[in-house]
Amino acid sequence: MSGRRLIEAAFPLKQASLDSVHEKNVRHGHISTLHIWPARRPLAASRAALIATLLPDPGTAEERKRLIEKIGGKVIQKTEKKKTPTKTVDVLREETIGGVLHWGRESSPDLDWFRKEIRKAYGGRAPRVLDPFAGGGAIPLEAMRLGCEVTAADINPVAWFILKCTLEYPQRLAGQHRPLPQFAVESPEFMEAFLKGTSKLTKKQLERQLKAVQQSLFPPPEVDLAWHVRAWGFWVLQQARKGLERFYPKVDGAPTVAYLWARTIACKNCRATIPLLKTRWLCKKSDKRILLKVAPNADRSSVAFEIEENVPVVGSNAAQRREHDKRIGGGTMSKAGAWCPCCGQARTVSMGMEDIRQEGLAGRLGTMITAVVADAGAGKMYRTATAQEAQLATETATDLASVFSGIPFGIPDEAIPQGGSRSGGGSPFTTHLYGITRWSQLFTPRQLLGIGAFVRDTRDVRAAMASSGYPPEWIDAVQAYLACAISRLADYNSMVCLWGVSRETIAHTFTRYAIPITWDFCETNPILHGTGSYDGGVDWVARYVEHALAAAKGAVTPMLVRQDVLRLSQGNGLAWDAVVTDPPYYDVIPYSDLADFFLIWLRRILHGAGPAFDEAFEDSHGPKWDQESGEGELIDDASRFGGDATRSRNAYEDGMRRAFTRCLASLTPEGKLFVVFANKQPTAWEALVGALVGAGATVTASWPIVTEMRGGVRNFGRASLASSVWLVCSKRPESAHAGWDNRVLEDMRTSIQVCLREYWDAGIRGPDFVWAATGPALEAYSRHPVVKKANAPGQTMDVSEFLRAVRRIVVDFVVGRVVSPGAEDEAVSGLDDLTTYYLLHRNDFGLEEAPVGPCILYAVSCGLSDADLADEHELLARTGGKAGSSDEEEDAAELEDPEGEVEEGTGSKVRLKTWQQRKAKGMGYDGDGRPAPLIDQVHRLMHLWKAGDQVKVDEYLEARALAGNRLFHRVLQALIELADEGSEERALLESISNHVAGKRPELAAQVPGWDIRRGGQSEEGEGT
Ligand SMILES: C[S@@+](CC[C@H](N)C(=O)[O-])C[C@H]1O[C@@H](n2cnc3c(N)ncnc32)[C@H](O)[C@@H]1O
């Protein structure tokens, strides 16, 4: 297929964004519930991108509109009631109707239509699509669903294994059924779940059916792979339960949901053993408030615990209540260290973090159970541990040795990677700082025993299935899915898991892309039902299998390869029609280090399951970087380069350039390379775009798809907080020649103007507008292998320089709309950098806290830096960290999204300073030969006006000839619009505006939005 693709002309941006955001809340059957893999792309965005890349541009605006609507449906607004602590409010929501992107519409009849159209576009054959950084497989899954011949590659063996479960097994076994195994049919417990899950029966019908099955009146039902996974998961659970049950005793008939633990340390002063607790809250719901009481025991050698129920709410407003709860719930730990309940005083640290670290390194940190969560039937109840429970928790040595004696590689003593990939230098792995260096140390002995028992019994599934007559491909698939269930089990059963006090559930290990040290943690009961249990895990996995079987119906066999992209060659000697991929982004995620958490268990389960598995999991850790060959995992991690940050960055950038070169070389001449960038730090982005252009790509379009949205509809058009930029590239023809900067800039200006208006009209706003506009602008630049400077012989214009020019045009366009709303063609020129930045920022984020990423982008676009804005101009205040969380203890207790996937961190924040906070002496006066920025002059005027000295106001206005400055009038008007109605800021600005307009009414009248009547009814004098 040749010619322009739909994506180069149009894209269902808003629909893909809305449905991607919605997908974050989807649980049952979603790919994210199969196995943790960091940074999975949303299926809706991947599907939209693939359809729009594979289909041709129909050529007319009307046809495009029709096609876009068929893909994404229509966006409608809905009012929903939302309960706040004090009242119910109406919230406006946008959602899609129709289309094939929304979760649940992926198997609508329209999808068949797209499959056919895509094939038609490729002369009746399935297009060949490659994802060389396939990770958890979102893009390949969608390509397979759309009928493509897909190749999914990743360097990491865990990713390769997940890809097999995501694509290969469902495709192989879609549409096949086998009778349920006899042990399942004979189990009333299993059959009840089966009948409830597969048919809608009344209680009576259910009882009758169960009886009939048990009396062998029917042959065992023929079921698909998902039910076989459930059946064999049930079998494993029965086996494992036999040896594990005694370690989780019921007390007073109530089964144990979880044990809550704290690490312990010997007090430096009195030698008492004290628990390291971040919080003493056990449950903090509006109607259930329970605290753990900690007091010295009789001989003050340690502490004793009690449970305090019905803790009263104190405080007349939310802030007071929060403060009170924080005070009464404080544990023994803070960021500074720990205090001793036996000899010390609350919050007076007696052991600093360094003391604790040294104790850890010397192997002297212990653990103790602080409380037990039990299932009381009508809810969870909290109690202290019995002596038997305290003893049982550690009485596992003999059983441990016996369980692991039959498991390849034994107890998981492989080293935990220490890794250094995190900007700012901090390692995502901090356990080694406290002497925890082997994976086995990250689990309590009972957790190890539990996971070990499930590993052993999952290994035995192969023989049991073979003797029941299953074909090898069924055995491989079922065992692999049960291995996924063990990955889930391990994720919920490490000493990193916290107890979530506001929802009374356990949080999993990977709530962040990190393995941090935790002081208090939660140990769940794996043989009970519920969050973190084994059978819960099996059900989540089976639900994905159901979804995947539907997606794989009639699909072409996918090809999965465990391969370094730097060794990429064409599949079967045939070129790919499209390479669609989501590469790693610098130092954001240490994939291989994190995946080792799962690799240690997978290699134990799957050893002996076939040569491919033995080879994949031969090493005790996933691939890092090989200095000799210059190949390996492409992340920026200085610790892999002896701490040399420059070498690490260069290796990453050079690796990405080589990767893109290989991708382009393996494309058909008309093929498209489609790359997702989630790192929007301008410098990182420029380097990656530089790598693309250097590799021979011409960028033809870019779309910023929102994948996470906070703040509802109001924020949609303002400032998308978490989006990724999807970039479309073609191969640059060999015959392309060098360009000249003046011509390239001219071409860019001409082409970008049209796009800017289109994107604006399409409702794209905020930083995403800058990203969206960058793609088409890059076309002019990337058309040439190199761009020379006409006025500087021998010099070239690099990507950064070019992008600076682009961004300036884009922000001038936006500011034009801010200062002249409704005046379509009013781009602003001549406005100083600082005022441009202020207006952009204020327009998007107001005076609220804003993520630093977009602000850096705006700053760079205006020729400034965030540091300049904060330090030199005193325009920005750094507020840092997670929004609104200064309370570490609360953080620890609230870290919970029980079934959620890993979320990217929000990073640090900034906030615009208010005019009152900007009071530097020299503000608003020219300095160092530089004229004062207009925003500084306005703020100076506001201070003068507020002080009531009209003479000084007039002197200032005159000295700076502001009344005759048209731009000044427009900025004033824009600031009025941006200020809150009824605020002092707005009143002051209006007074100043009226006052100035009185001096030059003809200029004021030219300002769009200026109400001349206001000049007539001047509020002058007010405030002076
Ligand atoms: C951003 S993730 C891809 C996530 C994926 N799109 C998904 O939806 O799950 C980047 C992937 O690149 C892989 N990777 C890193 N270096 C690689 C290399 N040299 N060759 C192949 N894959 C590599 C990582 O293992 C990781 O899975």
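What counts, and where the lines are drawn
- Residues numbered from 1 in each chain as written.
- Predicted model: local features only at pLDDT ≥ 70, side-chain atom pairs only at ≥ 80, totals over all residues.
- Heavy atoms only, no water.
- Pairing = 2+ DSSP bridges.
- Helix = DSSP H or I, 4+ residues; strand = E, 2+ residues; numbered from the N terminus.
- Contact = heavy atoms within 4.5 Å.
- Axes fitted to C-alpha atoms, helices over the stretch in contact; angles between N-to-C directions.
- Buried < 20%, exposed > 50% of the residue type's maximum accessible area, 1.4 Å probe, protein only.
- Expected span 1.5 Å × (residues − 1).
- Bend = angle between axes of the 7 residues up to and from the residue.
- Phe/Tyr/Trp six-rings, centres within 6.5 Å; stacked < 30°, edge-to-face > 60°.
- Lys NZ or Arg CZ within 6 Å of the ring centre and 35° of its normal.
- Salt bridge = Lys/Arg side-chain N within 4 Å of Asp/Glu carboxyl O.
- Left-handed = near helix turned anticlockwise from the far one by under 90°.
- Nonpolar A, V, L, I, M, F, W, Y, C, P; charged D, E, K, R; others polar.

**Remarks on the sheet that holds strand β28 (residues 850–851)**
- Taken together, 3 strands build an open sheet; the order of strands is β28-β30-β29 and the sheet is antiparallel. The strands lining the two open edges of the sheet, one partner per strand, are β28 and β29 (876–878).
- Helix-sheet contacts for helix α26 (residues 833–845) involve β28, β29 and β30 (909–912), and the interaxial angle to β30 is about 110 degrees.

**Thoughts on the pairing of strand β18 (residues 520–524)**
- Most of β18 is tucked away, with 5 of its 5 residues classed as buried.
- Covered by surrounding structure in β18 are Asp520, Cys522 and Thr524 together with Phe521 and Glu523, the residues of both alternating faces.
- Examined bridge by bridge, strand β7 (residues 256–266) and β18 share 5 bridges and lie antiparallel to one another. Within β18, the position partnered with Ala262 by the bridge is Asp520.

**Topic: helix α15 (residues 445–467)**
- Taking 1.5 Å per residue as the helical rise, α15 with its 23 residues ought to reach 33 Å, and the 33 Å between its terminal C-alpha atoms agrees with that figure.
- In α15, a bend of some 30 degrees at Val461 exceeds every other bend along the element.

**Structural notes on the packing of aromatic side chains**
- Under the counting rule described, the total for this entry stands at 32 aromatic pairs.
- A ring pair is formed by Trp760 and Phe769, whose centres lie 5.3 Å apart and whose planes are at 85 degrees; its orientation type is edge-to-face.
- With a relative accessible area of 13%, Trp760 lands in the buried category.
- Taken together, the ring pairs connect Phe404, Trp439, Phe443, Phe510, Phe597, Phe598 and Trp601 into an aromatic cluster.
- The aromatic ring of Trp113 is capped on one face by Lys70, whose charged end is 4.6 Å from the ring centroid.
- Over the ring of Phe409 we find Arg603, and its NZ or CZ is 3.8 Å from the ring centre.

**Comments concerning unusual backbone geometry**
- In the Ramachandran plot, Glu504 falls in the positive-phi region, its phi being about 55 degrees despite a non-glycine side chain.
- Structurally, Glu504 is set in the loop between β16 (499–500) and β17 (505–506).
- Taking relative accessible area as the criterion, Glu504 reaches 5% and is therefore assigned buried.
- Even without glycine at this site, Tyr586 takes up a positive phi of about 50 degrees.
- Secondary-structure assignment places Tyr586 in the loop between β20 (576–581) and α18 (591–606).
- Look at Tyr586 and you get buried, because its relative accessible area is 1%.

**With respect to the pattern of salt bridges**
- Going through the model one piece at a time under the given rule, you end up with 60 salt bridges.
- Between Arg603 and Glu414 there is a salt bridge, and its shortest N-O distance comes to 2.7 Å. Of this pair, Arg603 sits in helix α18 while Glu414 sits in the loop between α14 (397–405) and α15, and the two are 189 residues apart along the sequence. This pair shows no difference in class: Arg603 is buried, exactly as Glu414 is.

**Examining the packing of helix α10 (residues 225–244) against helix α16 (residues 472–491)**
- For the pair α10 and α16, interaxial distance at closest approach is 9 Å and the crossing angle is 65 degrees. Helix-helix and strand crossings are classified by hand; for α10 and α16 the assignment is right-handed. Contacts between α10 and α16 involve Leu225, His228, Val229, Trp232, Gly233 and Val236 on the former and, on the latter, Trp474, Ala477, Val478, Tyr481 and Leu482.
- Looking at the contact of α10 with α16 residue by residue, the classes come out as 9 nonpolar, 2 polar and no charged.

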